[in-house]
Amino acid sequence: MAVRTDRYENAAARYFEAWNATGPEAVEKAVAAAWTADGGYTDPLADVRGHDGIAAVIAAVHEQFPGFVFRPLGAVDGHHDTARFGWELVNPADGSAPVAGFDVVTLDEEGRIRQVLGFLDRVPAGA
């Protein structure tokens, strides 16, 4: 049975586009493209549903880490309606990556994200 890895890679690419979007309108548009309307995002610091909640979490991270970008770590892996991938939050000025983690996402039939379960592997003290 062949696995359509492009489905998982495309979902992850849209996910990173949302996290790297700048400005409220761009974030809203990218979140709507990546998540279902009732999609969720849960990690140790957040548990939200819907586009507005997800956009607010992204905005809060941008506020705490201005100018930083999310980039994937390793390959995207998936089966059925589930994908997983690692990521890190990078300071483009010096290449440091003070935050890193791993996400597991479930997808709908169209490849949009229904739910993200995020795990933080590296977080700076006081963050």
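See above for the structure.
This report concerns the structure included in the present document. (Residues numbered from 1 in each chain as written. Predicted model: local features only at pLDDT ≥ 70, side-chain atom pairs only at ≥ 80, totals over all residues. Heavy atoms only, no water.)

## Details of the nonpolar core
Stated precisely, the cut-off is as follows: Residue types Ala, Val, Leu, Ile, Met, Phe, Trp, Tyr and Cys, when buried and joined through side-chain atoms within 4.5 Å, form a set referred to as a nonpolar core. Burial status follows relative accessibility: with a 1.4 Å probe on protein chains alone, a residue under 20% of its type maximum counts as buried, one over 50% as exposed, and anything between as partly exposed. The numbering of helices and of strands both runs from the N terminus, where a helix is a DSSP run of H or I of at least 4 residues and a strand a run of E of at least 2. Any pair of residues with heavy atoms lying within 4.5 Å of one another is described as a contacting pair.
Counting 32 residues, the largest nonpolar core has Tyr15, Trp19, Val31, Trp35, Tyr41 and Ile113 as the members making the most contacts within it. Elements represented by at least two residues in this core include exactly helix 1 (5-20), helix 2 (24-34), strand 1 (35-43), strand 2 (46-49), helix 3 (50-64), strand 4 (82-90), strand 5 (99-107) and strand 6 (113-122). When residues in this core are grouped by element, the largest group, seven residues, is from helix 1. If near-sequence neighbours (up to four positions away) are discounted, tryptophan 19 is found in contact with Trp35, Tyr41, Val57, Ile58, Val61, His62 and Phe70.

## Describing a nonpolar patch on the surface
This is how the line gets drawn: A patch consists of residues exposed above 30% relative accessible area that lack any salt bridge, with like charges linked at up to 9 Å and nonpolar side chains (Val, Leu, Ile, Met, Phe, Trp, Tyr) linked at up to 5 Å. Exposure was quantified through the Shrake-Rupley algorithm and a 1.4 Å probe, taking into account, for residues, occlusion by the shown protein chains and nothing else. Salt bridges are identified by distance alone: a Lys or Arg side-chain nitrogen within 4 Å of an Asp or Glu carboxyl oxygen.
Residues Phe102, Leu117 and Phe119 make up a contiguous nonpolar surface patch of roughly 260 Å² in combined accessible area. You can see phenylalanine 102 is positioned in strand 5.

## As for helix 2
Here is the rule: The reported arc concerns the directions from the helix axis to the C-beta atoms and nothing else.
Of all the positions in helix 2, only Val27, Ala30, Val31 and Ala34 are classed as buried. The arc that holds every buried residue of helix 2, seen down its axis, measures 100 degrees, which confines them to one face. Facing away from the buried side of helix 2 by over 90 degrees, the exposed positions are Glu25 and Lys29.

## Some details on the pattern of salt bridges
The full count for this structure, using the stated rule, is five salt bridges. In this structure, aspartate 77 engages arginine 84 in a salt bridge whose closest nitrogen and oxygen atoms are separated by 2.9 Å. For arginine 84, a relative accessible area of 43% gives the class partly exposed. Residue arginine 114 pairs with glutamate 109 through a salt bridge whose shortest N-O separation is 2.9 Å. On the basis of relative accessibility, which here comes to 34%, the residue arginine 114 falls in the partly exposed class.

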